[in-house]
Amino acid sequence: MLDYNNKNFVLMVEDLTVSFDGFKAVNDLSFYVEPNECRVIIGPNGAGKTTVLDLICGRTRATSGSIAFKGQNLLKMREDQIVHAGVGRKFQTPSVYEDLSVFANLEISYPKGHGVFGALFFRRDAAVRERITEIAEMVFLTEHLGQKAAFLSHGQKQWLEIGMLLIQDPELLMLDEPVAGMSVAERRKTADLLNRIIADRSVIVIEHDMGFVADIATRVTVLHQGQVLSEGSMEHVQNDPKVVEVYLGH
Amino acid sequence: MLPMPIKHSFMTRRDLVGYAILAAIIFIVFPALLEPFRLNLFGKYLTYAFVAIGLVLCWGVGGILSLGQGVFFGLGGYCMAMFLKLEASSPENTAIQSTPGIPDFMDWNQITALPWWWEPFNSLAFTLVAVIVVPVVFSFIIGVAMFRRRVGGVYFAIITQAIAAILTILIIGQQGFTGGVNGITDLRTLNGWDIRTDEAKTLLYFVNGGLLFAVLLIAQFVRKSKLGRLLIAMRDQEDRVRFSGYDVANFKIFIFCLGGAFAAIGGAMFTLQVGFMSPSFVGIVPSIEMVIYAAVGGRLSILGAVYGTLLVNYAKTSFSESFPELWLFGLGALFIAVVMAFPNGLAGLWSEHIEPRLMRLWPGATKGTAAPDAEKTPAE
């Protein structure tokens, strides 16, 4: 049985299985994330990478297994409760509110006024503005605060969504392909940004760009058909013959 | 050193001008130009605007399309009608009935005692509370049942429409308790004050206008609060809102209940001004018409909803006086035209075409108004 109070790990995933009409997208998966670790999950398409993030943040319900985050059983919690526990999730396609300004996008993610009446009487005080300006600067969007999010470039939308997570200050940050569709220059800036923000929190990243992975990963988990194929340092994984065969070799 | 956008005041100068123009139309232009009969008619139109404002918040801003707002309009209206009917059914007024002192339709249906759930409607205070509370509790139950299960979009629209149909059938079927298809008619006095006179109708018109502005300001407050921005966010990216730590269902339930409360106030004012309430204001057709008012006005514009309601109703009255069978086709065509050609309705026409021209004509003179101008509304 899983020891929910194990202090050595921020996140413990054990024997996790999810079955969609008999197809096991994630099959008996176990892995552990340490505090301040940056874990990168790689694997071929359909390996179950995004499904793992969906399971952790409560978007998909597990068929069996357990997920423990800081002593709490995430499988029993609602999505918004998981967020309040300290798990933030960025989606693969940039999910920002296109009809709202960049400022309002960040404001909605500010961790205050989450109830109906809290939101109704939410005041944009100095602390809120300060925090939003600070985050906007981190994600290179200071100039764009007043703009509708719809007018941002693809890369800027990705940054905005990362900013929306940062403002919540989650202990575990999950990023699904944060540099997909970015130019080389944007990629470099993003790697830089991630290296700064992962310093004091645990991060799980899904990514295909191996150069980028090598840049940020503490450890790498390779998924294949819903199971862990290999796990360890970037070097270890790259030299694992099983990994070369199913993934890197192609 | 913050860039400009960050101010979100409750009402910009632009909004203020829009509200002032509407207030002038409702409180000065209409009463000055219209004889009491027509004024009462416009008062009736404005009771639908309460529903349209609620729909702007639910549907336009929040993306929750309800095709059953007539239910809440009707519940509010029936609560008010029950009180008025009891007052009109005093034993002296109903002495010729086999059971004096109960509403006439009950007597016709061989009911010999007032049903227990009619009793509290002897009290005006209870009735005024019930006008709001009954529809809100009902919308809360629907909201919890639907939104907690994450029923949304088309499914929600269809279910609300079914509820409108069910309630109509229930009211018609329970003739002895509800007055059936004729509704509750022959309403006379409110606490002894005769509501059928021209003076009473004019006063009620102004009360209605005052309540409409109260509702408009509440809607404006909600729209400009963070909750208003959250509704837009939910409409576009529901999952992102959920994974930003919000329990999305609560917000949907809240805005649906608020829309229900607005509709209920409109319904009660309808009963007072028109003097009866019947199932024909509850069912599917009126509920869809209410959505069309909001669509024609521009489903994102609170003020637009009022103009849309006035325009469509005025067109309906004029049109159906001359070609009664054609009206429904005209309404359908209007809806298609709005959706295909003017997705932002009158408010969109105004802000995209008319306002820029005005600004060019008188640069600096007006900082612009928020909604379609007086010329867009049918005044006589």
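Residues numbered from 1 in each chain as written. Chains lettered and ligands numbered in written order. Predicted model: local features only at pLDDT ≥ 70, side-chain atom pairs only at ≥ 80, totals over all residues.

Colleague: Account for the overall build of chain B, with residues named and values stated.
Modeller: Scanning chain B from N- to C-terminus turns up 15 helices and two strands. Compactness check: chain B gives a C-alpha radius of gyration of 22 Å against a globular reference of 21 Å for 380 residues, within 12% of the reference. Overall, chain B is about 75 × 50 × 40 Å in size when its C-alpha atoms are taken along their principal axes. Excluding contacts between residues fewer than 6 apart, the proportion of contacts in chain B whose partners are at least 24 apart in sequence is 80%. (Helix = DSSP H or I, 4+ residues; strand = E, 2+ residues; numbered from the N terminus. Rg over C-alpha atoms; globule rule 2.2 N^0.38 Å. Contact = placed C-beta atoms within 7 Å.)

Colleague: Please set out the overall build of chain A residue by residue, giving values where relevant.
Modeller: Looking only at helices and strands, chain A features 10 helices and 10 strands. Since a compact globule built from 250 residues should have a radius of gyration of about 18 Å, the 18 Å found for chain A is in line with a globular shape. In terms of principal-axis extent, the alpha carbons of chain A reach across some 55 × 40 × 35 Å. In chain A, which comprises 250 residues, the share counted as buried stands at 46%. Contacts spanning at least 24 positions in sequence make up 66% of the contacts within chain A whose residues lie at least 6 apart. (Buried ≥ 20, exposed ≤ 12 C-beta atoms within 10 Å, placed from the backbone.)

Colleague: Explain the interface of chain B and chain A to me, and be specific about the residues and the numbers.
Modeller: The interface of chain B with chain A comprises 27 residues on the first partner and 32 residues on the second. Only α9 (226-236), α10 (238-242) and α11 (248-274) of chain B provide two or more residues apiece to the side of chain B that touches chain A. Sort the elements by how many residues they give to the side of chain B that touches chain A and α9 of chain B lands first, with seven residues. Classifying every residue of the side of chain B that touches chain A by side-chain character gives 14 nonpolar, six polar and seven charged. (Nonpolar A, V, L, I, M, F, W, Y, C, P; charged D, E, K, R; others polar.)

Colleague: Any chance you could break down the sheet that holds strand β8 (residues 202-206) of chain A for me, citing the residues and the numbers?
Modeller: Strands belonging to one sheet form pairs held by backbone hydrogen bonds; the direction of such a pair is parallel or antiparallel. Residues and elements named next belong to chain A. Pairing is mixed across the open sheet formed by six strands, whose spatial order is β6-β7-β8-β3-β9-β10. The strands lining the two open edges of the sheet, one partner per strand, are β6 (87-90) and β10 (227-232). Adjacent strand axes in the sheet meet at a mean angle of 15°, parallel and antiparallel pairs treated alike. As paired strands, strand β7 (residues 172-176) and β8 are joined by five bridges and run parallel to one another. (Pairing = 2+ DSSP bridges. Axes fitted to C-alpha atoms, helices over the stretch in contact; angles between N-to-C directions.)

Colleague: I'd like to hear about the sheet that holds strand β5 (residues 72-73) of chain A, residue by residue, with values.
Modeller: Residue and element names in this part refer to chain A. With antiparallel pairing, four strands are arranged side by side in an open sheet as β2-β1-β4-β5. Edge positions in the sheet fall to β2 (23-33) and β5, since each has one partner strand and no second. Relative to β2, strand β1 (residues 11-20) is paired through seven bridges, and the arrangement is antiparallel. Bridge assignment links M12 to a residue of β2, and that residue is Y32. Where helix α1 (residues 49-57) meets the sheet, its contacts fall on β1, β2 and β4 (64-69), and the angle it forms with β2 comes to roughly 70°.

Colleague: Please provide a residue-by-residue account of the confidence of the model for chain B, values included.
Modeller: All names here are of chain B. For chain B, the mean per-residue pLDDT works out to 90, and 93% of the residues sit at or above 70. Contacts for the low-pLDDT stretch residues 1-5, under 50 throughout, to residues beyond four places or in other chains number nine contacts. For this predicted complex, the interface score ipTM comes out at 0.90, alongside a pTM of 0.91. (pLDDT = per-residue confidence, 0-100.)

Colleague: Kindly report on helix α5 (residues 126-138) of chain A, identifying the contributing residues and their values.
Modeller: All names here are of chain A. The terminal C-alpha atoms of α5, which comprises 13 residues, lie 18 Å apart, in line with the 18 Å expected from a rise of 1.5 Å per residue. Listing the buried residues of α5 in full gives V128, I132, I135 and A136. Around the axis of α5, the buried residues are gathered within 100° of arc, so they sit on the same side. Turned more than 90 degrees away from the buried face of α5, the exposed residues are A126, A127, E130 and E137. Residues of α5 that are buried make contact with α3 (102-109) and α6 (154-166). With its phi angle positive at about 60°, F140 sits one or two positions after the end of α5. (Expected span 1.5 Å × (residues − 1). Arc of directions from axis to C-beta.)

Colleague: Can you tell me about the environment of A315 of chain B, naming the residues and giving the values?
Modeller: Following the sequence through the fold, A315 of chain B ends up in helix α13 (residues 302-322). Separated by 251 residues in the primary sequence, A315 of chain B and I64 of chain B place their C-alpha atoms 27 Å from one another.

Colleague: So what's going on with unusual backbone geometry? Residues and values would help.
Modeller: All names here are of chain A. Positive phi values are uncommon outside glycine, yet F140 reaches one of about 60°. Looking at where F140 falls in the secondary structure, it is placed in the loop between α5 and α6. Residue Q225 is not a glycine yet carries a positive backbone phi of 50°. Mapped onto the secondary structure, Q225 falls in the loop between β9 (219-224) and β10. Note on Q225: 15 C-beta atoms within 10 Å, which makes it partly exposed.

Colleague: Lay out the packing of α3 of chain A against α6 of chain A with the relevant residues and their values.
Modeller: Residues and elements named next belong to chain A. Between α3 and α6, the least distance of the axes is 8 Å, while the angle of their chain directions is 30°. Our pair here, α3 against α6, has a crossing hand that is right-handed. Touching V102, N105, L106 and S109 of α3 are L160, G163 and M164, all from α6. Looking at the contact of α3 with α6 residue by residue, the classes come out as four nonpolar, three polar and no charged. (Left-handed = near helix turned anticlockwise from the far one by under 90°.)

Colleague: Would you mind going over α6 of chain A in detail, with residue names and values included?
Modeller: Residue and element names in this part refer to chain A. Across its 13 residues, α6 extends 19 Å between first and last C-alpha, which sits within 8% of the 18 Å expected from 1.5 Å per residue. If you check which residues of α6 are buried, you get G155, Q156, K157, Q158, W159, L160, E161, I162, G163, M164, L165 and L166. Buried residues along α6 sit against β6, α3, α5, β7 and α7 (184-197).

Colleague: Describe the confidence of the model for chain A, with residues and values.
Modeller: Scored by pLDDT, chain A comes out at a mean of 90, with 97% of its residues at no less than 70. Here helix α10 (residues 241-248) of chain A stands out as the least confident element of chain A, with mean pLDDT 82; α3 of chain A is the most confident, with 95.

Colleague: I'd love a proper account of the nonpolar core, names of residues and values included.
Modeller: Core analysis: the largest hydrophobic core is formed by 182 residues, its most contacted members being A52, I53, V56 and L230 of chain B. Top element by residues in this core is α11 of chain B. It accounts for 18 residues. Setting aside chain neighbours within four positions, we find L230 of chain B in contact with I108 and A119 of chain A together with V241, Y246 and F251 of chain B. (Core = buried A, V, L, I, M, F, W, Y, C linked by C-beta atoms within 7 Å.)

Colleague: So what's going on with the environment of S98 of chain B? Residues and values would help.
Modeller: Residue and element names in this part refer to chain B. Structurally, S98 can be placed in the loop between α3 (69-88) and α4 (104-108). For S98, a count of 10 C-beta atoms within 10 Å translates into the label exposed. Along the chain, S98 and Q110 lie 12 residues apart, while their C-alpha atoms are 8.7 Å from each other.

Colleague: Describe the pairing of β7 of chain A, with residues and values.
Modeller: Walk down a regular strand and you will see the side chains alternate between the two sheet faces. Residue and element names in this part refer to chain A. With four of five residues buried, β7 is to be regarded as a mostly interior element. Taken together, the four bridges between β6 and β7 define a ladder with parallel strand orientation. Opposite G88, over in β7, you have L173 as the bridge partner. As a crossover connection, the stretch from β7 through α7 into β8 is right-handed. (Right-handed = clockwise from strand over helix to strand, strands pointing away.)

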